[in-house]
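Survey of secondary and tertiary structure
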Amino acid sequence: MKGIFESLRKTRNAVFGQIANLFGAGEIDENTWDELESLLIQGDVGVETTLALIGKLRARIKEEGVYRAADLNRIVYEEILALLPEAPPLNLKWPLAVILIVGVNGSGKTTSIGKLAAHYRREGRKVVLAAADTFRAAAMDQLKVWGERAGVPVIDGPEGGDPSSVAYDAIEYAQSRKADMLIVDTAGRLHTQHNLMAEMEKIQRIIARRVAWAPHETFLVLDANTGQNGLIQAQQFLKAVKVSGIVLAKLDSSARGGMVLSIGHQLNLPVRYVGTGEKIEDMAPFDREAFVKGLLEQ
Amino acid sequence: MFESLSDKLQAVFNKLGKRGILREEDVKAVLREIRLALLEADVNYKVVKDFIDRVREDAVGAELSKALNPAQQVVKIVHQELMITLGEPGRLELRGHAPYILMLVGLQGSGKTTMVGKLARHLRATGHFPLMVAADTYRPAAITQLEVLGRQLNIPVYSDHGKTRPPDICVNALEDARKRGSDVVLLDTAGRLQLDDDMMAELEAIRSRVRPIEVLLVADAMTGQEAVNIAQGFHERVGLTGLILTKVDGDARGGAAISMRAVTGVPIKFLGTGEKLGALEPFHPDRLASRILGMGDMLSLIERAELAFDEAQAEEMERKLRKGEFDLEDFLEQLRQVRRMGPLDELLKMIPGVGKMLQGADLDKVEAEKNLKYVEAMILSMTKEERRNPRILNASRKRRIAAGSGTTVQQINQLLGQHRQMQKMLKQVKEGKLRGLPRLF
């Protein structure tokens, strides 16, 4: 978890870290709440979730008659933590576990898949990748490079071909080679494009037809720099496919990632992994307590 | 989720009732709504603060107009202030000696490589001879991606497949451009964080060695509060000359554009509006201001309509309409023209007020698209004779058409009913007594 702490240090200092200072100094008054509101919004937490959080904090502080800074910090920690849903164990204990990766253009899907492949391989799984982004120029080549780095085979198809048939071929391949995990890359799509969202549903359907209960996990890859549109993206992708978790990509030194609080709060969707850099080991499972501590630590 | 600002303000003013006098707390409530609307649109917190101060000054001094209600007046002031902040649209500055060098910079995944392709296509269409330079040696297959775009566009690409460092690649590319007679050189640099010192130093090296006439920051329209630091970071290190906003075809409000423009002061030059290489639009401050406020986008709608409609066809249609000869064949043509303008829901969203009505009505959108497809199938299953003269459609013909188009006789009757209603309305137009429009969808 060192990775997450590391990557949050600058964010913390710039934005959230000031929350601790806020409650350290003297009386809590209207200015304190205004300041807190400003810090949360600057962390991309979003207006709705920010106001809900502040409402809760005010109520609790009044109810519990709290005035010590240390207690305040504990309450802030608890309430922010409560926004992030606890994740159930990953549903990957299958003879062939299938993970579908979706997201908008440029969110970091392909890079995240490379890192995930390496991660699961370290855990001893036999991984195959499906390059079902047949649309964007050279997207399949990009995944192949990551496949080489992670040491796992990549199944692709003709450029501009049907992504569902790539997924189909990859399942056949994985089953014939006795692989126990398949990660399917899909083309980036904006959630406003109905036809592309329908295409994604079709990929999900084809996978379900070939492998029982698959896809077992569907990860939405979100760019940590995304603002309030992140919530809408998650809502729309949820409508089309069974998104089961978030991969928060590019949570590098300056990114905020605050929108995962509003996604957690409003959609009850857990964050599964956090990606930070461009190296293959730059990914860690998400730890909500470490994440929130990282946000608030001075 | 998003209500338009005018709706929210209207709610505030409704509370005023007939009192009609603005007290200080009313002004405060109004400014609060504006502030929240801008924050929801991802405009940077500090930028919003300055902005609200300016609006407060304008609003206090403003004379109350009788023509507009108070909500409309405030929205007008906010809209104007937004347009001032967004600034005039920028053009590519191709001055001095060719080759003109355009350098694209930005974070990972902002859309630089695709934008290089779009700009090259645009420049080619306006009489230039562009050369695209693959200077991203870091991201796997970035060079291949640019080469594929080059083949699709039939525009040359310079790359040395990572044999030398990006600054050398760019210098060598200039030599190549001179040999080829290219007059514009587009540099596709690797995505990088503005805080990554080594990577930023590389951009500085490229800049000082090739002296680009334009340094364009390519930024994702969905960017949140960090937009300010991104733009500032790049501006301080490499000196931006313009901004390009990508993925504008999504439903992000695009408040990041205001933030970036406010901190750098450089103009917004283009918007990327889709995955296709032709999806590049000049920047219109009024439209983006409307979008940020959730006020719809009538202008874009009108422009799309203009693009989709063929003038000769329109004249022919008009002639037919005048004569009252609007048969099912024409009906089909009309439908197709509407469809060419884009997905229905997208079109509807551009109409002010409708965007809000559509919230949570996703099923209906899909339903409406489906209905259009059925109508098309039904008409295509008719003979030419039947299309020209629907009156000959008897029960047996209707059954045949239903079977052929996968619909029911009921649906066919519905379509014929709509068509009859339309003809009736056309007659009224001819006789100069048009009232309501028929419900097409």
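Residues numbered from 1 in each chain as written. Chains lettered and ligands numbered in written order. Predicted model: local features only at pLDDT ≥ 70, side-chain atom pairs only at ≥ 80, totals over all residues. Heavy atoms only, no water.

Regarding the overall build of chain B
- Across its full length, chain B holds 20 helices and eight strands.
- Within chain B, buried positions represent 50% of all 441 residues.
- Counting only contacts in chain B whose residues sit at least 6 apart along the sequence, the fraction spanning at least 24 positions is 73%.
- When the accessible surface of chain B is summed, it comes to about 21500 Å², and 51% of that surface belongs to carbon and sulfur atoms. (Helix = DSSP H or I, 4+ residues; strand = E, 2+ residues; numbered from the N terminus. Buried < 20%, exposed > 50% of the residue type's maximum accessible area, 1.4 Å probe, protein only. Contact = heavy atoms within 4.5 Å. Areas by Shrake-Rupley, 256 points an atom, 1.4 Å probe, with all protein chains shown as cover.)

Regarding the interface of chain A and chain B
- Taken residue by residue, the interface counts 46 residues in chain A and 42 residues in chain B.
- Between chain A and chain B, a total of about 3700 Å² is buried, with carbon and sulfur atoms accounting for 56% of that surface.
- Run the count over chain A and chain B and you get one salt bridge.
- A salt bridge links Glu37 of chain A to Arg35 of chain B; the shortest N-O distance between them is 2.3 Å.
- Connecting chain A to chain B are 14 residue pairs in polar contact (both at pLDDT 80 or more).
- Secondary-structure elements contributing two or more residues to the side of chain A that touches chain B are helix H2 (30–42), helix H3 (47–64), helix H6 (139–150), helix H8 (194–210) and helix H9 (229–240) of chain A. (Buried area = accessible area lost by both parts, 1.4 Å probe. Salt bridge = Lys/Arg side-chain N within 4 Å of Asp/Glu carboxyl O. Polar contact = N/O pair within 3.5 Å; in protein donor to acceptor, adjacent residues only side chain to side chain.)

A word on the domain arrangement of chain B
Residue and element names in this part refer to chain B.
- Taken domain by domain, chain B comprises domain 1 (3–86), domain 2 (100–293) and domain 3 (302–431).
- On the side of domain 2, 23 residues touch domain 1, which itself brings 17 residues to the contact.
- The junction of domain 1 with domain 2 conceals about 1700 Å² of combined surface from both sides, 66% of it contributed by carbon and sulfur atoms.
- The largest share of the area that domain 1 buries against domain 2 comes from Asp42, Asn44 and Leu86, three residues that together contribute 37% of it.
- Counting across the interface, domain 1 meets domain 2 through zero salt bridges.
- On the surface where domain 1 and domain 2 come into contact, there are nine residue pairs in polar contact (both at pLDDT 80 or more).
- For the side of domain 1 that touches domain 2, the secondary structure elements donating two or more residues are helix H2 (24–40), helix H3 (45–61) and helix H4 (70–86).
- For the side of domain 1 that touches domain 2, the leading source of residues is H4, giving six residues. (Domains from an automatic or database assignment.)

Let's talk about the nonpolar core
- Judged by nonpolar contacts, the single largest core of 70 residues is most densely connected at Leu182, Val184, Ile207, Leu248 and Ile263 of chain A.
- It is helix H4 (residues 69–83) of chain A that provides the largest number of residues to this core, a total of six residues.
- Setting aside chain neighbours within four positions, we find Ile263 of chain A in contact with Leu222, Gly230, Leu231, Ala234, Ile246, Asn268 and Leu269 of chain A.
- Formed by 67 residues, the second largest nonpolar core is a distinct cluster that contains Tyr45, Val55, Ala177 and Leu193 of chain B. (Core = buried A, V, L, I, M, F, W, Y, C linked by side-chain atoms within 4.5 Å.)

Considering the pattern of salt bridges
- Inspection of every chain in the model, using the stated rule, returns 30 salt bridges over all chains.
- Within this structure, Lys56, Arg60, Glu64, Arg74, Glu78 and Glu79 of chain A form a network of salt bridges that share partners.

Points about the sheet that holds strand S7 (residues 271–275) of chain A
All names here are of chain A.
- Reading across from one edge, S3-S2-S4-S1-S5-S6-S7-S8 is the order of the eight strands in this open sheet, with mixed pairing throughout. The open sheet terminates on both sides in strands that have one partner only, identified here as strand S3 (154–155) and strand S8 (283–285).
- Looking at chain direction, strand S2 (residues 127–132) and strand S4 (residues 181–186) are connected through six bridges and run parallel. Opposite Ala130, over in S4, you have Val184 as the bridge partner.
- Across the face of the sheet, helix H7 (residues 163–176) comes into contact with S2, S3 and S4 while running at roughly 165 degrees to S2. (Pairing = 2+ DSSP bridges. Axes fitted to C-alpha atoms, helices over the stretch in contact; angles between N-to-C directions.)

Regarding H7 of chain A
Residue and element names in this part refer to chain A.
- Given a rise of 1.5 Å per residue, 14 residues ought to cover 20 Å, and the 20 Å separating the end C-alpha atoms of H7 matches this to within 8%.
- Restricting attention to buried positions, one finds in H7 the residues Pro163, Ser164, Val166, Ala167, Ala170, Ile171 and Ala174. Projected onto a plane normal to the axis of H7, the buried residues spread over an arc of 155 degrees and lie on a single side.
- Of the surrounding secondary structure, the elements contacted by the buried residues of H7 are S2, S3, S4 and H8.
- Lys178 sits one or two residues past H7 and shows a positive phi near 60 degrees. (Expected span 1.5 Å × (residues − 1). Arc of directions from axis to C-beta.)

Some words on the packing of aromatic side chains
Residues and elements named next belong to chain A.
- Applying the stated criterion across every chain yields a total of three aromatic pairs over all chains.
- Taking 6.2 Å as the distance between ring centres and 85 degrees as the angle between the ring planes, the aromatic pair formed by Tyr120 and Tyr273 counts as edge-to-face. Linking Tyr120 in helix H5 (residues 109–122) with Tyr273 in strand S7, this pair joins segments that are 153 residues apart in sequence.
- In this structure Tyr120 comes out as buried when scored by relative accessible area, which is 1%.
- A centroid spacing of 5.9 Å and a plane angle of 65 degrees characterise the contact between Phe219 and Tyr273, whose relative ring orientation is edge-to-face. Residue Phe219 is located in strand S5 (residues 217–223), and its partner Tyr273 is located in strand S7; the two are separated by 54 residues in the primary sequence.
- Note on Phe219: relative accessible area 0%, which makes it buried.
- Connected via pairs of aromatic rings, a cluster forms that spans Tyr120, Phe219 and Tyr273. (Phe/Tyr/Trp six-rings, centres within 6.5 Å; stacked < 30°, edge-to-face > 60°.)

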